[in-house]
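Chain by chain, the residues run as shown.
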Amino acid sequence: MIDKTLSIKDASAALLNDELTDITVDIAEESLDAFLDSDSILGKLPVVKLVIGTYKTIVNVKDRFELKKFCVFLQQFQNGQVDEGELEKRRKAYENNEKWFYKEVENILIYLSRHENAVKAKLLAEIYIDYINKVVTLEQYEEYVIIIDRIFIND
């Protein structure tokens, strides 16, 4: 089984990787069947197989949606115009394991996990780009992130 856990360090590396410009959300849409494991003896019992399959499907769908939102965020971020000096500052912070940068990425991951759709991931990427480019202050960025979290996209 593939470890689908997305660590803050992995997310930070992905955010700073210039080679991810062609990333697609197809990663999050692979067949669920690839992750179901019914090889165990208990897994062969019909009732247990149904319970295990249902649980794994629910967890898998949730994990895939989380990954999809992160991929959408990365796509939008990579397609944006980001100040190279500020990006380099974050690369150095990543290399030096500076807490402020990991906290920044952790905050992004927390809000992405709260979003009920991928459209908000795009909006979050746009406001993060504005923050990096110093178009908005930290205080404004935090306010906008909360607004994005609370808005209804259909409104």
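Only a predicted model underlies this, so the values are computations on that prediction, with no experimental measurement involved. (Residues numbered from 1 in each chain as written. Predicted model: local features only at pLDDT ≥ 70, side-chain atom pairs only at ≥ 80, totals over all residues. Heavy atoms only, no water.)

Draft legend 1. The arrangement of helix α5 (residues 119-132) in detail. Over its 14 residues, α5 extends 20 Å from the first C-alpha to the last, a length consistent with the 20 Å expected when each residue adds 1.5 Å. Phi for Lys134, located one or two positions after α5, is positive at around 65 degrees. (Helix = DSSP H or I, 4+ residues; strand = E, 2+ residues; numbered from the N terminus. Expected span 1.5 Å × (residues − 1).)

Draft legend 2. Spotlight on the pattern of salt bridges. The full count for this structure, using the stated rule, is 10 salt bridges. With a closest N to O distance of 3.7 Å, Glu86 and Lys89 form a salt bridge. Linking Glu86 with Lys89, this pair stays in helix α3 (residues 84-95), spanning three residues, or about one helical turn. For Glu86, a relative accessible area of 12% puts it in the buried group. Among the residues examined, Lys89 registers a relative accessible area of 42% and is labelled partly exposed. Across the salt bridge formed by Arg91 and Glu88, the nearest N and O atoms sit 3.5 Å from each other. One end of the pair, Arg91, and the other, Glu88, are both in helix α3, three residues apart, so they sit about a helical turn from each other. A relative accessible area of 14% places Arg91 in the buried class. (Salt bridge = Lys/Arg side-chain N within 4 Å of Asp/Glu carboxyl O. Buried < 20%, exposed > 50% of the residue type's maximum accessible area, 1.4 Å probe, protein only.)

Draft legend 3. Molecular detail of helix α6 (residues 138-150). In this model, α6 (13 residues) spans 19 Å end to end at C-alpha, consistent with the 18 Å of a helix rising 1.5 Å per residue. Listed in full, the buried residues belonging to α6 are Tyr141, Val145, Ile148 and Asp149. Angular distribution of buried residues about the axis of α6 spans 100 degrees; they occupy a single face of the element. Residues of α6 that are exposed and point more than 90 degrees away from the buried face comprise Glu139 and Arg150. Residues of α6 that are buried sit in contact with α4 (99-114) and α5. (Arc of directions from axis to C-beta. Contact = heavy atoms within 4.5 Å.)

Draft legend 4. Focus on unusual backbone geometry. For Asn97, which is not glycine, the phi dihedral falls at a positive 50 degrees. Mapped onto the fold, Asn97 is located in the loop between α3 and α4. Of note, the phi angle at Lys134 is positive, near 65 degrees, even though the residue is not glycine. In this fold, Lys134 is placed in the loop between α5 and α6.

Draft legend 5. Quick peek at a nonpolar patch on the surface. On the surface, Val119, Leu123, Tyr144, Ile147 and Ile151 cluster together to form a nonpolar patch covering roughly 380 Å² of accessible area. Of all the elements in the fold, those that place two or more residues in the nonpolar patch are α5 and α6. The residue Leu123 is located in helix α5 in this model. (Patch = residues over 30% accessible without salt bridge, like charges linked within 9 Å, V, L, I, M, F, W, Y side chains within 5 Å. Areas by Shrake-Rupley, 256 points an atom, 1.4 Å probe, with all protein chains shown as cover.)

Draft legend 6. Geometry of the confidence of the model for the chain. Residue-level pLDDT values for the chain average 76, and 63% of them are 70 or greater. The secondary-structure element of the chain with the lowest mean pLDDT is helix α1 (residues 8-15), recorded at 67, while α5 shows the highest, at 94. Below a pLDDT of 50 lies the segment residues 1-5, which in the model reaches four contacts outside its immediate sequence neighbourhood of four places, other chains included. Of the regions scoring below 50 in pLDDT, residues 20-37 engages in 38 contacts with residues more than four places distant in sequence or in other chains. (pLDDT = per-residue confidence, 0-100.)

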